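Residue-level listing of the chains:
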Amino acid sequence: MSKILHRDLKTTPIIIESSSGNYLYAKHPTNPDTPQQQLFDAIGGAAVISVGHNNDEVNQAVIDQLQKVAYIHSGTFTTSISEELATELLENYKSEKLAKVYFANSGSEANEAAIKLVMQYWYESGKGAKCHFISRKQSYHGNCLGGMSLSGHVARRKPYESLIDSSKFHHVSPCFEFRYKKSGQSSAEYVEGLLDELEEEILEIGPENVAAFFAETVVGATTGCVTAAKGYFKGVREICDKYDILLVLDEVMCGSGRTGTFFAWEQEGIVPDITTCGKAISSGASPLSCVVLTEKVLKGLTNGSNQFNCGHTYQSFALSCAAGKAVQKIVKRDGLLQNVTDVGEYLGQQLHDKVLSVFDIVIDVRGRGLFWAIEFGKSKTTNEPFDESDNVASKITDICMNHGVSIYPCKGTVDGFKGDHVIIAPSFTVTKQDIDLIVDAVVKSIQEFIDIVA
Ligand SMILES: Cc1ncc(COP(=O)(O)O)c(C=O)c1O
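Residues numbered from 1 in each chain as written. Predicted model: local features only at pLDDT ≥ 70, side-chain atom pairs only at ≥ 80, totals over all residues. Heavy atoms only, no water.

Undergrad: Please explain the overall build of the protein chain as it appears in this structure.
TA: Along the protein chain, the regular secondary structure elements total 14 helices and 17 strands. On C-alpha atoms alone, the protein chain measures out to a radius of gyration of 22 Å, which is about the 22 Å that the 2.2 N^0.38 rule sets for 454 residues. A buried classification covers 55% of the 454 residues belonging to the protein chain. Considering only intrachain contacts with a sequence separation of at least 6, the fraction spanning at least 24 residues in the protein chain is 70%. Roughly 19,900 Å² of accessible area belongs to the protein chain as shown, and the carbon and sulfur atoms make up 51% of that amount. In the protein chain, the 42 positive side-chain charges and the 56 negative ones have mean positions that sit 2 Å from each other. (Helix = DSSP H or I, 4+ residues; strand = E, 2+ residues; numbered from the N terminus. Rg over C-alpha atoms; globule rule 2.2 N^0.38 Å. Buried < 20%, exposed > 50% of the residue type's maximum accessible area, 1.4 Å probe, protein only. Contact = heavy atoms within 4.5 Å. Areas by Shrake-Rupley, 256 points an atom, 1.4 Å probe, with all protein chains shown as cover. Lys, Arg positive; Asp, Glu negative; His and termini not counted. Charge placed at Lys NZ, Arg CZ, Asp CG, Glu CD.)

Undergrad: Whenever I open this one, the pattern of salt bridges confuses me. Can you help?
TA: Pairing of side chains with opposite charge becomes possible as their charged atoms draw close. Applying the stated criterion to the full structure yields 20 salt bridges. Between Glu84 and Lys325 there is a salt bridge; the shortest N-O distance is 3.5 Å. Placement of the pair is Glu84 in helix α3 (residues 80-90) and Lys325 in helix α11 (residues 318-333), with a sequence separation of 241 residues. Owing to a relative accessible area of 37%, Glu84 belongs among the partly exposed residues under this scheme. A salt bridge links Asp387 to Lys378; its shortest N-O distance comes to 3.6 Å. For Lys378, a relative accessible area of 34% puts it in the partly exposed group. Several salt bridges share partner residues, and in doing so they unite Arg179, Asp364, Arg366 and Glu375 into one network. (Salt bridge = Lys/Arg side-chain N within 4 Å of Asp/Glu carboxyl O.)

Undergrad: Mind showing me how you'd approach the pairing of strand β4 (residues 98-104) here?
TA: On a regular strand, one side chain projects to one face of the sheet and the next to the other, so that they alternate. Within β4, six of the seven residues are buried, which leaves the element mostly enclosed by the surrounding structure. Here β4 pairs with strand β12 (residues 289-294) via six bridges, running antiparallel. What sits directly across from Val101, in β12, is Val292. (Pairing = 2+ DSSP bridges.)

Undergrad: Would you mind showing me how to read the domain arrangement of the protein chain here?
TA: Interfaces are often described in size by the accessible area the parts lose on coming together. Split into domains, the protein chain comes out as domain 1 (57-333) and domain 2 (335-453). Once you take the C-alpha centre of each, domain 1 and domain 2 turn out to be 27 Å apart. Each side of the interface is counted separately: domain 1 has 35 residues, and domain 2 has 31 residues. For the pair domain 1 and domain 2, the summed buried surface comes to about 2,600 Å²; carbon and sulfur atoms form 59% of the total. (Domains from an automatic or database assignment. Buried area = accessible area lost by both parts, 1.4 Å probe.)

Undergrad: Would you explain the site of the ligand in this entry?
TA: The ligand sits among Ser106, Gly107, Ser108, Asn111, Tyr140, His141, Gly142, Glu216, Asp250, Val252, Met253 and Lys279. Here Gly107 contributes a backbone N or O atom positioned 2.8 Å from an oxygen atom of the ligand. Within the backbone of Tyr140, an N or O atom sits 3.5 Å from a nitrogen atom of the ligand. Coverage of the ligand by the protein amounts to 81% of the 390 Å² it exposes when considered alone. Considering every element that reaches the shell around the ligand, the biggest residue donor is helix α4 (residues 107-124), with three residues. Here the residues of the shell around the ligand are counted per class, giving three nonpolar, six polar and three charged. (Near = heavy atom within 4 Å. Polar contact = N/O pair within 3.5 Å; in protein donor to acceptor, adjacent residues only side chain to side chain. Nonpolar A, V, L, I, M, F, W, Y, C, P; charged D, E, K, R; others polar.)

Laid out in structure tokens, this is it:
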């Protein structure tokens with residue numbers, strides 16, 4: 001039995017011995033003489049892999065950096081590689097508005113740093129009363145306590161609820177048309193209702209007390225690749241401007257190119273004050289996340305203490321920055337964002353034609369770029385979720401694994417407890433043939449699940 005405190009204490013996860021491109025090679029759990037099982041990684045861990053597993057160029061960049069300098073303390077020193085990557089990331093969106101990048105290691109760290117940046121911005125601006133945060137129900141912003149307080153995912157928060165200061169962290173409805181738009185309501189009316197709710201929440205707390213609104217531009221694991229209704233983020237931006245509130249978009253899962261533009265917000269026609277990124281930015285070669293801030297936020301600090309009080313030992317870690325820089329080089333040189341858009345469109349079409357239109361238990365498919373979810377329910381006529389104990393998403397994922405394809409199961413789609421979906425988010429390098437292989441395995445798995453249950 002493993003000595004690691006794994007997520008599920010009852011089982012040891014499958015051991016992966018090696019990886020290459022789209023494939024993971026798994027060791028047989030009991031018989032080492034059995035050939036390794038080859039698994040197509042259609043989820044890249046959790047939407048992490050962007051230029052394939054074990055990419056030679058990325059590996060070489062990390063090795064080269066390791067042979068120059070791996071670690072420095074960012075309080076005293078910096079490295080050329082981290083400076084170069086910061087410049088390159090800001091150039092992804094050609095606007096004077098983006099000013100600086102802060103590098104951390106995980107999405108959770110990036111969101112904690114974003115919370116601190118918001119707090120420091122208001123403190124330095126002489127508006128220290130602004131210390132209330134509004135985020136959305138059915139959201140996830142990380143596993144550290146700040147991010148967990150922002151997160152509206154009730155099941156994940158539950159054990160820590162007594163530590164969360166709910167007088168400072170407020171949650172409004174998510175923008176989730178499929179589940180929450182009333183019948184007969186237009187998209188525009190639905191958005192108007194959500195914006196009214198946000199404005200009412202701000203007025204109730206008092207705009208002089210509200211520091212920031214946090215949201216995932218495209219919602220990730222909690223509700224499954226949910227894009228916002230048209231006009232929602234423009235409306236949110238206007239409200240934040242009206243009441244002098246910072247807008248922070250969490251793009252840890254949906255950003256760094258996953259939806260076809262480096263920042264997912266580019267497709268919403270707005271620029272947030274702060275963005276957090278992670279996952280795909282370094283394709284899993286070394287942990288990297290970042291916080292990107294605008295000129296306005298930077299000025300808040302430079303007009304004050306001229307410091308950002310959020311040091312980490314492994315901040316701006318050179319090896320991770322080397323991985324990130326190599327990934328960005330490949331993404332640009334090989335036109336991978338265009339591939340994400342083109343092949344992503346094909347994936348969406350295939351899921352509509354071969355999955356949504358075929359199975360009654362598939363009640364929705366949705367997504368953007370290479371970030372798609374399939375939601376399951378008892379039937380299309382009611383959209384009623386399966387019972388929690390049925391573990392539908394997990395069972396379908398397990399069957400899919402037997403068909404040689406790894407996808408990502410999620411629970412709680414409807415309200416944090418009920419509802420099932422799976423996510424497909426392969427490497428930006430996938431081809432249409434790869435998509436055919438993924439969709440074929442998914443179709444077989446859903447059919448097999450139906451055959452077993454029926
Ligand atoms: C939207 C979002 N924010 C934050 C996080 C936390 O990132 P990490 O697990 O790298 O700490 C995640 C992780 O899945 C995420 O999806």
